[in-house]
Amino acid sequence: MPTPLDQIRNFSIVAHIDHGKSTLSDRLIQATGGLTDREMKEQVLDSMEIERERGITIKAQTVRLTYKADDGQTYVLNLMDTPGHVDFAYEVSRSLAACEGSLLVVDASQGVEAQTLANVYQALEHDHEIVPVLNKVDLPAAEPDRVRQQIEDVIGIDASDAVSCSAKTGLGIHDVLEAIVTRLPPPKGDPAAPLKALLVDAWYDPYLGVVVLVRVFDGVLKAGAQVRMMQAGATYKVDKIGVFKPKATDVESLGPGEVGFITAQIKEVADAAVGDTLTEERRPTAQALTGFKPVQPVVFCGLFPVDAADFEDLRAAVGRLRLNDASFTYEMETSAALGFGFRCGFLGLLHLEIIQERLSREFNLDLIATAPSVIYKVTLTSGETIELHNPADLPDPVKVATIAEPWIRATIFTPDEYLGAVIKLCQDRRGMQKELSYVGARAMAVYDLPLNEVVFDFYDRLKSISKGYASFDYQMLEYREGDLVKMSILVNAEPVDALSMLVHRSRAEARGRGMVEKMKDLIPPHLFVIPIQAAIGGKIIARETVRALRKDVTAKCYGGDASRKRKLLDKQREGKKRLRQFGRVEIPQEAFIAALKMDAD
Amino acid sequence: MRSIPAPSPPGPALGLYVHWPYCRRICPYCDFNVVRHRGRETEARALVAAILRDIAAHRARTGPRRLVSIFLGGGTPSLMRPEDVAEIIAAARGAWSPAADLEVSLEANPTDAEAEGFAALAGAGVNRLSLGVQSLSDEALARLGRNHDAATARRAVARAQTAFARVSLDLIHSWPGQDEWAWRSDLEAALALGPEHISAYELTFEPGTAFTRARDRGRMVAPDEDHRARLFALTGEVLSGHGFQAYEISNFARSPAARARHNLIYWRGEDYVGVGPGAHGRLTLDGVRIATEAPRAIDAYVKAAGDEGPAGAWLALTAQEAALERLAMGLRLAEGVPLADLAALAVDPMRIAELGAFVDVQEGRLIVRPSARAVTDRLALELCPV
């Protein structure tokens, strides 16, 4: 039996990393008896190992709570746990579209952060009712009054009746549950209308196959029904319907306002596009839900196995990941420096890092990643426009008319004392200031920046210059033309493809100098002198030299040393397999890894 | 009347290395298998007995061979009792057929106490002394943590030259703070003493030594590569200027006859038996190259050197492993290494040609050009097919 609409509340939690979203979720599950204490593991919702380690949510998840409120009624509360990171902004927007309200969780000792802001604006865009929750009020450093004021100043919502709680100690959890029931609106919908359900998320389960998370708006979803995905145009028979409590529990149907999962013999996650509308095959709805967007990777990098023999394993691994993550794309790539690998597309830098980490951790692969880059739009003199995913593929400069690059709008919150350094960083990265204001003791800087400059260690730099205090979020803007040039790195006059990059002309020299200095320290001395140059076209913009080896011979070598010498030679020969040959120069793979990780300019 | 030469025993010629692990004190740069000898007299007796047993056990495996060299190294074999030295030499001579010009070398420390025993050691059968003077400058000796001064070293050299027909001096360069002038002075002071042979070693920071710990803690600054390369080049310059031939990376001889015949066995890949704790040997038995290694701990060695067989592990090397050793050891010699000995390694003639600035092939022997000796280890690696 579908639950009556007025007894349903669908909500998400908006919070900055570390502000206690997962702990609060766990508390809510525990307080409503979803799990016994024994079953309760820390942060149930973040079930991926990486999620738990990083304290972040990557995949949207959901849990159905049953709560007997002070008014005597029993409510069904659907908590949609959303990924908090900008890389997953689209997934967040779909999760938010499945809810009517949000809890805005702010750490009472730290206040509003850039990410909070971006996510709460998204929630407001979805007409969410927002209940501010001040978490960690038990901490000695908590300043609930100041933070309440900050929420009103920065976000512009009434925080006078913010709920105070401590997810860690359990303090105020009852108040949070009551606020959900009394202050958030119930969903609307017509059970008699044709089925209209939002595809919120999909993932691959080794036992069930592809599992699809849906929110029903109109009609009733029943097992055995033929449903149609309106964007994909494909039809499936629903095998199984269930809800997460948080353990998966079968139900017979899902009515309007309800959230649950279905399985339907779907082969790949890529067949279940987030944001698609599900309807009945026999009685389709006239109007699909709005807001569908196909997934678009924005950051690209090459992934290569350190040991060429692992290429097939890498192929299998990226295939497996893609099964479960349609936003991750890959195609084969070959590099003289790094051998066979894949050019991979990601939603953003965090997504890139997560995939890389999963490949190494879950698939035990030792990988080299090339410098992340963005998609450039290159207009040729012929008038044709091409999308460039890999700087190495840039056509001959004489055929290139213009190059445009994607820009972003970045919002940065920082304690006042680091503002100077933050502004300098943004300026160094070709940023254009749009706004600078103060929120209490914290400054908010809004900059337009080329994404190219951001994917290149911007976040790490920001964290380091602000001792970890600055927070950062961004949204995509349009493409803008720029004076971009391809910079090549030549080792002993041979170009090293893995190190070529598109840079702004004004930054080319600094980048080139940084790169050759780094390579100079990374290439071990050879028997001859090795020049390392950075060049734009035929013009050398920076040069360093690796000196020749002067002394490499064991002083004492007698009868007892023969075995030692043999073993050392064997080890060195083995080590040579990890070297890449460029003309007469052998470059250790570690050098590429380190050069591509280049930190400061 | 011509004498009829005795028939040579079958099998290749043989050298014998005897490791004597005791020292009066441990040098701060030494990573050899050594212990302090004080209070270990009983153990030392047992060790001599074990070495004698081990020689007999090796003889059972090698069969009759022509013995061309005995080398007592360590450690500080000049601390051995002359009667023990005599017994070991006698055992070796009895086990194999000694060559007429059998070389019997012994490593010695140039202290007064040890120098007093030189005549007795000569009486025991030692005919070549390798003296670890290391330097003839008091400052350098103090820095190197040696237990003698330069004057003592000079007295010891004089006594050695009286007692032994052949004397070699060990010197160390590239210690922290040594400049070219200091090294040149040391070399010239050593030459003035008239040795027939000089071993000049670059100080190496071996893992686990006091010097390496001091360097890693920033209390000692190791000279940089350029400086070490200059001192290495200077060594060759000064010694060749005095008629010495650099026949090996760190070894210089006044004449071919003055070369350390025992050490040539190692560099030429010939056969040698190693006895004593931690000693290594190489034997060619039925065409297979065998690597032997005795237990490092003295008590373990004494126990293992039983009547049932030689102490320690015997490992057959593959043809490729044996060739790899030939390359690493043979390139150190000015005479190089016969390409025929490297057949199993399949060194690419193209690679040799590419490295033509550094190596050469003369009469079927692969040699490192004199100007490239300082990078011999790298050349060995570059010549190895990957």
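The structure this text deals with has already been given above.
What counts, and at which threshold
- Here the residue index of a chain counts from 1 through its sequence in written order.
- Following the order in which they are written, the chains are lettered starting with A and the ligands numbered starting with 1.
- Given that this is a predicted model, residues contribute local features only at a pLDDT of at least 70 and side-chain atom pairs are listed and counted only at 80 or more, while totals for whole chains, interfaces and linings are drawn from all residues.
- Note that the side-chain values use all heavy atoms of the structure and ignore hydrogens as well as water.
- In this text, helices come from DSSP runs of H or I with a minimum length of four residues, and strands from runs of E with a minimum of two, each type numbered from the N-terminal end.
- Under the scheme applied here, a residue whose accessible area is under 20% of the maximum for its type counts as buried, over 50% as exposed, and between as partly exposed, the area being computed with a 1.4 Å probe on protein chains only.
- Contacts are assigned to residue pairs that have any heavy atoms within 4.5 Å of one another.
- Computed with a 1.4 Å probe, the accessible areas rest on the Shrake-Rupley method; for each residue, only the protein chains presented here act as cover.
- By definition, the buried area sums, over both parts, the 1.4 Å-probe accessible area that each loses when the two are put together.
- Take a side-chain nitrogen of Lys or Arg and a carboxyl oxygen of Asp or Glu: if they are within 4 Å of each other, that pair is a salt bridge.
- As used in this structure description, the phrase polar contact means that two N or O atoms lie within 3.5 Å; if the pair is within protein, one of them must be able to donate a hydrogen and the other to accept it, and residues adjacent in sequence are counted only when both atoms belong to side chains.
- Gly counts as polar in this scheme, as do all residues outside two lists: the nonpolar Ala, Val, Leu, Ile, Met, Phe, Trp, Tyr, Cys and Pro, and the charged Asp, Glu, Lys and Arg.
- Paired strands are those between which DSSP finds at least two bridges.
- Looking down the strands as they point away from you, a crossover is right-handed if its path from the first strand over the helix to the second goes clockwise.
- Each Phe, Tyr or Trp ring (for Trp, its six-membered ring) is paired with any other whose centre lies within 6.5 Å, and the angle between the two planes then decides the class: stacked below 30 degrees, edge-to-face above 60, tilted in between.
- Simply put, an axis is a line fit to the C-alpha atoms, just over the touching stretch for a helix, and the angle between two N-to-C directions goes from 0 to 180 degrees.

Enquirer: Would you take a moment to explain the overall build of chain A for this structure?
Expert: In terms of helices and strands, chain A carries 14 helices and 34 strands. Expressed as a percentage of its 601 residues, the buried residues of chain A come to 56%. The long-range share in chain A, meaning contacts at least 24 apart out of those at least 6 apart in sequence, stands at 69%. As displayed, chain A offers around 24,900 Å² of accessible surface, 49% of which is attributable to carbon and sulfur atoms.

Enquirer: I would appreciate a short explanation of the overall build of chain B in the present structure.
Expert: Helix and strand content of chain B: 14 helices and 17 strands. Within chain B, residue pairs in contact and separated by at least 24 positions form 71% of the contacts whose partners lie at least 6 positions apart. Of the roughly 15,900 Å² that chain B leaves accessible, carbon and sulfur atoms contribute 53%.

Enquirer: In this structure, what is going on with the interface of chain B and chain A? I would like to understand it.
Expert: Accessible area lost during the coming together of the parts is what is often quoted as the interface size. Residue-level contacts link 45 residues of chain B with 28 residues of chain A. Of the roughly 3,500 Å² buried between chain B and chain A, counting both surfaces, carbon and sulfur atoms make up 57%. Put simply, Glu-202 of chain B and Lys-551 of chain A hold a salt bridge, and the shortest N to O gap is 2.6 Å. Summed over the shared surface of chain B and chain A, the number is 21 residue pairs in polar contact (both at pLDDT 80 or more). Those elements giving two or more residues to the side of chain B that touches chain A turn out to be strand S8 (197-202), helix H9 (225-241), helix H10 (261-267), strand S12 (280-285), helix H12 (319-330) and helix H14 (376-383) of chain B. When residues in the side of chain B that touches chain A are grouped by element, the largest group, seven residues, is from H14 of chain B. A breakdown of the residues in the side of chain B that touches chain A according to their chemical character gives 23 nonpolar, seven polar and 15 charged.

Enquirer: Could you clarify how one ought to interpret the pairing of strand S4 (residues 66-74) of chain B in this entry?
Expert: Across a regular strand the side chains alternate sides, sitting on one face of the sheet and then on the other. All names here are of chain B. The element S4 is largely enclosed, with a buried count of eight among its nine residues. For strand S1 (residues 14-20) and S4, the ladder comprises seven bridges, and the chain directions are parallel. Bridging across to S4, Leu-14 finds its partner in Leu-67. One ladder, built from six bridges, connects S4 with strand S5 (residues 97-108); its direction is parallel. Considered in S5, the bridge of Arg-66 is made with Ser-97. Note on the crossover from S4 through helix H2 (residues 82-95) to S5: the handedness is right-handed.

Enquirer: Honestly, the packing of aromatic side chains in this entry has me stumped. Any pointers?
Expert: Remark: the centre distance and the inter-plane angle together describe each pair of aromatic rings, the angle taken between the planes. One pass over the full model with this rule turns up 18 aromatic pairs over all chains. Taken together, a centroid distance of 6.4 Å and an interplanar angle of 85° make the contact between Tyr-558 of chain A and Tyr-201 of chain B edge-to-face. Taken together, the residues Tyr-558 of chain A in the loop between strand S32 (539-546) and helix H13 (562-576) and Tyr-201 of chain B in strand S8 connect one chain to another. Classification of Tyr-558 of chain A by relative accessible area gives buried; the value is 16%. With a relative accessible area of 6%, Tyr-201 of chain B lands in the buried category. These aromatic residues form a ring-pair network of at least three members: Phe-311, Phe-328, Tyr-330, Phe-340, Phe-342 and Phe-346 of chain A.

Enquirer: Quick question: what am I supposed to make of the sheet that holds strand S17 (residues 365-368) of chain B here?
Expert: Across a sheet, strands are paired by hydrogen bonds formed along the backbone, either parallel or antiparallel in direction. All names here are of chain B. Strands sit in the order S15-S17-S16 across an open sheet of three strands; the sheet is antiparallel. Strand pairing shows two members of the sheet lacking a second neighbour, strand S15 (337-338) and strand S16 (359-362), which therefore form its edges. By the bridge criterion, four bridges tie S16 to S17 in an arrangement that is antiparallel. Following the sheet pairing, Gln-362 is matched in S17 by Arg-365.

Enquirer: Would you mind showing me how to read the side chain of Ser-174 of chain B here?
Expert: All names here are of chain B. Positionally, Ser-174 belongs in the loop between strand S7 (166-173) and helix H7 (180-192). Exposure remark for Ser-174: the relative accessible area of 1% places this residue in the buried category. Within the structure, Ser-174 has its side chain in polar contact with the side chain of His-173 (distance 2.8 Å). Residues in contact with Ser-174, not counting those within four places in the same chain, are Glu-202, Leu-203, Pro-223, Arg-228 and Leu-231.

Enquirer: Explain the pattern of salt bridges here, please?
Expert: Residue and element names in this part refer to chain B. By the definition in use, this model includes 60 salt bridges over all chains. Where Asp-216 meets Arg-215, a salt bridge forms, and the shortest distance between an N and an O atom there is 3.2 Å. Under the relative-accessibility criterion, Asp-216 is labelled exposed at 56%. For Arg-369, the salt bridge is made with Asp-360, and the minimal N-O distance between the two is 3.7 Å.

Enquirer: Looking at this structure, how should I read the environment of Phe-211 of chain B?
Expert: Residues and elements named next belong to chain B. Mapped onto the elements, Phe-211 comes out in helix H8 (residues 210-216). Given a relative accessible area of 6%, Phe-211 falls into the buried group. For the pair Phe-211 and Leu-144, spaced 67 residues apart in sequence, the C-alpha separation works out to 9.1 Å. Sequence-distant contacts of Phe-211, defined by excluding residues within four places in its chain, comprise Pro-28, Tyr-29, Arg-143, Leu-144, Leu-203, Phe-205 and Met-220.

Enquirer: Sorry if this is basic, but what is going on with the sheet that holds strand S6 (residues 163-164) of chain A here?
Expert: Residue and element names in this part refer to chain A. Spatially, the six strands line up as an open sheet ordered S2-S3-S1-S4-S5-S6, and their pairing is mixed. Because the sheet does not close on itself, it has two edges, and the strands there are strand S2 (61-68) and S6. Strand contacts of helix H6 (residues 173-183): strand S1 (8-15), S2, strand S3 (74-81), strand S4 (101-107), strand S5 (129-135) and S6, with the helix running at about 175° to S5, the strand carrying the most contacts.

Enquirer: Would you explain the pairing of S1 of chain B in this entry?
Expert: Residue and element names in this part refer to chain B. In terms of residue burial, S1 counts as a mostly covered element, since seven of its seven residues are buried. The side-chain alternation of S1 yields two buried faces, one formed by Leu-14, Leu-16, Val-18 and Trp-20 and the other by Gly-15, Tyr-17 and His-19. Bridge count between S1 and strand S11 (residues 271-275): five bridges; the pairing is parallel. What sits directly across from Leu-14, in S11, is Asp-271.

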